[in-house]
Each structure stands twice: as structure tokens, then as C-alpha cells.
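# Geometric and topological summary
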Amino acid sequence: MPSITGLSGHLRRTIAVAASFAVASLVALPSPAQAAAISDAVVKIGVLTDLSGVSSDNAGKGSVLAATMAVDDFSHDRKVLGVPIELVSADSQGKTDTGATIAREWYDRGKVDMITDLTFSNVALAVDRIADEKKKIALVTGAGSSAISNEQCTAHSVQWMYDTYALANSTSQALLRRGLKSWYFITADYAFGQALEKDASEILTRQGGKVVGSVKHPVNSPDLSSYLLRAQTSGAQVIALANSGTDTLNTVKQASQFNIIQGGKQVFTPLLSLITEIHGMGLKNAQGMILTNGFYWDQDDRSRAFAQRFYAQHKKMPTMMQAAVYSAVLNYLKAVQAAGTDEADAVMAKLKSMKIDDPVIRNGQIRADGKLVHDMLLVQVKTPAESKSEWDLYKILETIPADKAFAPLADSKCALVKK
């Protein structure tokens, strides 16, 4: 066979071009080591959300969209380490057994590597245990019970956006500074509501406040009038809502009908209220409320750019739960890329070593207890006169640094924290 130097110029050029294409093709393909490092030749993410219940507007289809946006922003060809990224979604219906069954099916037979959203605390706690057992990952973006990253922490889960301590701590301090010391709680009777009331009560007591009473209501209660009347007659300066979703929305709307809000004698504060709920209440009912949030779409240029893209497809601004799904999925994929594998322990180690700073989260770090601590926002709902557009609902009163918003690591009861 003649050497390449002995061939015609045209033939030499043809061979050279063909060789360059072959090299490029080899570079584009995942190496055998890469392929072996990815289980099932796919990185699959499950969004286990609320598609039909009290928080479907806060999470639901918006969470699925946020996850899709994160995948697209991570990689235009929807691949990581040369293998496809796939998304699946399902409705937990807020039921522990339903959520647990879906999670086991996904982890065991569905090739799912990571589950996120987990809107309800009871579902999140169950799925966290399953993820730990299966050595898979759960990134909790929707559920808020502080137990998730405290007493019931696991090595394979992260509580991504907020917890009941951060919500109660920041809001209660703001109202106590205004001299509002006596509180009454209207609480949803499930894990999240109970944890929120517990954390808020302990913080209030430490800081000189007083809980004069509380009442618990079933989740998804259409008529909250009897609970409101008990709160009104308590004489408490603050009526605090330890519920969420449509329960919060209905409580505020019915309080307006009883003239509790407009009467001005008692301050109403939802300890968790998302932008979709405030939008649903209307500024006339919600104006002046002080809230703690982990994300607001109009915070800065980065949050606005993300939110406007989300709005273009969803026709609503993202809640902090939906925004958290975007952040969790994006950073999970970055961790897989950096670790060179989707093996859970390696990915978790990489996540905990990363600084989390993206269009949603500011100055974030995942602690040993699996809590993502980051800057939070204390906001006040605008008056109708102050609002310039449909979703211009908050004014930011202050940015709360991570170490001030979340419970100190030294106080953690998580078994993963070395004392």
C-alpha cells in the first residue's frame, strides 16, 4: 500500500478530512469509563408533585415546567456525560402511601436517579427514607417541615428552599419588633402545619412573645369560619396561619368577609404564602401582610430573566417552590457532570462541596444536615396603589443572610452532624 505522501493532492486532502471527522466522532461519544459511570445509560429525574390538591397552583405543572427549563438550560441536547437526561412526573395526591409507592416504583424499576418537588412534608419524609434505603437522591423543594433536615435527616436528601424554622423566625421577629407580641395560630392538621406552629411558638416564646391559643383544621377545608371566629375572639394581636395553598387563600378571603382584616384590630400573617395565593387573594385583602420568601421574581435581573421565560409558558410567575425545582435540577445535573457519575454518594458529596448561586438561590451552601441555607427575603404585600402590574405584589423589606434565617447547625438534631 503506498504511503500518503505518494498519493495525489486531492486524495491526500480527502483522507485527511475523513480522519478529522473520525476523530471528532470519537470525541463526541462518551468514553467507556463515562458510560460505565452512568447507571442504565440514562440520567432520569422524577418530579413527584401535587397535580390535583391544595398546592397544585404552587407546585404542580409549574414544577414540571421548571424542571424542563433546568434540563434545557443545562444542555441544549438534553444530555449529561454523553447520555440522555429524562424527566418523569406524577401526582402524590398528598398521600404518604401513594407517594411512597410511586417513589419505590421509580427507583426500583423506572431507572429514576433523583426525585424532587415532594410538595407535602408527609410525602417528603417517606420518600427521603426510601431514597436513603435505595441509595438514590431526593431533593425536597416543596415540603417545609424542619424535621426533614433535622431529626429525620438522611444522607441522600437535601431540603432545598425553605423550612418551617426559616419562615417562622424571620416573620415573627419582624412583627415582634413592631410590638405585636400575642399570637393565635390557625393550623393545618398535618406534618407541615404542626411543625410550622411548633417552630413559631418556640421562637416567639424565646423572644418575649406569647401564644394565647391555637386551633387545627383538616387539610383542604372549604369553610374556615368557625376557626376564624375563635381566633378573632381570642384577642390576639396576630392571627398566624400555619397552613398553605388553597387553605391559606380561603382563610384570608373568609377573614375579609368577616371584616377581620379590614377592621385593623388584629394583624393577619400567613407564615407560608406563595405569590399565586397572594395573587388569588387580591391586594385589597392581602395588602400590608409581612411574609418570608426564598425567592421573588422581581428581586434582580437574574430572577427577572428566569421568571419572564417561565411566565411566557405558564402565564403565571413562579412560586418559590417552582423556582426551587429549577435550582435543584440544574445543580443536580452540574454535580453529576462534575462527579463524572450519577452514583448517589459521589453526587451528594459534589453537591455539598458546591456553592449554590443561580437565578433562584443566592449565597447557598448545603450543610452536613442536608439543609440548603441561603439568603431569604422579608417582603411586604403592596397596596393596590403601589402595584404597577398584575404580578407586582411585593416590596422587599430586607435580605436575610443565611446564618440569620436558618437554625444554627450547632442546634441540629440530625445524626449526620458531628458534635
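What you see is a predicted model; the values in this text were computed from it and never measured.

### As for the overall build of the protein chain
Of the regular secondary structure elements, the protein chain holds 16 helices and 15 strands. Against the 2.2 N^0.38 benchmark of 22 Å for 419 residues, the protein chain shows a C-alpha radius of gyration of 24 Å, consistent with a compact globule. A burial count over the protein chain gives 55% of its 419 residues as buried. Considering only residue pairs separated by 6 or more positions, the protein chain has 70% of its internal contacts joining residues 24 or more positions apart. Only carbon and sulfur atoms are counted for the fraction: they give 54% of the accessible area of the protein chain, which is about 16900 Å². Averaging the positions of the 44 positive and the 41 negative side-chain charges in the protein chain gives two centres separated by 3 Å.

### Side note on the domain arrangement of the protein chain
When its domains are assigned, the protein chain resolves into domain 1 (43-162 + 297-369) and domain 2 (165-293). Computed over C-alpha atoms, the centres of domain 1 and domain 2 are 28 Å apart. With 17 residues of domain 1 at the interface, the matching set in domain 2 holds 19 residues. When the two sides are added together, the surface that domain 1 and domain 2 hide from each other amounts to roughly 1400 Å², 70% of it contributed by carbon and sulfur. Interface area lost by domain 1 to domain 2 is led by Val-54, Tyr-162 and Met-320, which between them contribute 38%. Counting the contacts that link domain 1 with domain 2 gives four residue pairs in polar contact (both at pLDDT 80 or more).

### So, the layout of surface pockets
Taken as a whole, the largest pocket holds about 420 Å³ of empty space. Lining the largest pocket are 23 residues, with Ser-146, Asn-150, Glu-151, Lys-198 and Asp-199 positioned closest to its centre. When its residues are assigned to classes, the lining of the largest pocket shows seven nonpolar, five polar and eleven charged.

### Observations regarding the environment of Ile-203
You can see Ile-203 is positioned in helix α7 (residues 191-206). Placed 36 residues apart in sequence, Ile-203 and Leu-167 show a C-alpha to C-alpha distance of 11 Å. Contacts of Ile-203, omitting those with residues within four sequence positions, involve Tyr-165, Ala-168, Asn-169 and Ser-172.

### Some thoughts on the sheet that holds strand β4 (residues 114-117)
Ordered in space as β2-β3-β1-β4-β5-β6, the six strands form an open sheet in which the pairing is mixed. At either margin of the open sheet sits one strand with a lone partner, and together these are β2 (79-80) and β6 (157-159). Pairing of strand β1 (residues 43-49) with strand β3 (residues 83-91), which is carried by seven bridges, proceeds in the parallel orientation. Directly across from Val-47, in β3, lies its bridge partner Ser-89. The sheet contacts of helix α15 (residues 344-353) involve β5 (137-140) and β6, and relative to β5 the element is tilted by about 35°.

### Considering the pattern of salt bridges
Per the counting criterion, the structure on display carries 20 salt bridges. The partner of Asp-72 in a salt bridge is Arg-78, and the shortest N-O contact between them spans 2.6 Å. Judged by relative accessible area, which is 37%, Asp-72 ranks as partly exposed. For the salt bridge of Glu-133 with Lys-134, the shortest nitrogen-to-oxygen distance reads 3.7 Å. Judged by its relative accessible area of 26%, Lys-134 falls in the partly exposed class.

What counts, and at which threshold
Residues numbered from 1 in each chain as written. Predicted model: local features only at pLDDT ≥ 70, side-chain atom pairs only at ≥ 80, totals over all residues. Heavy atoms only, no water. Helix = DSSP H or I, 4+ residues; strand = E, 2+ residues; numbered from the N terminus. Rg over C-alpha atoms; globule rule 2.2 N^0.38 Å. Buried < 20%, exposed > 50% of the residue type's maximum accessible area, 1.4 Å probe, protein only. Contact = heavy atoms within 4.5 Å. Areas by Shrake-Rupley, 256 points an atom, 1.4 Å probe, with all protein chains shown as cover. Lys, Arg positive; Asp, Glu negative; His and termini not counted. Charge placed at Lys NZ, Arg CZ, Asp CG, Glu CD. Domains from an automatic or database assignment. Buried area = accessible area lost by both parts, 1.4 Å probe. Polar contact = N/O pair within 3.5 Å; in protein donor to acceptor, adjacent residues only side chain to side chain. 1 Å grid on protein atoms, 1.4 Å probe; cavity = no way out; pocket = protein on both sides within 12 Å on 5 of 7 lines; lining within 4 Å. Points joined across faces, edges and corners; volume = space filled by probe spheres on them. Nonpolar A, V, L, I, M, F, W, Y, C, P; charged D, E, K, R; others polar. Pairing = 2+ DSSP bridges. Axes fitted to C-alpha atoms, helices over the stretch in contact; angles between N-to-C directions. Salt bridge = Lys/Arg side-chain N within 4 Å of Asp/Glu carboxyl O.

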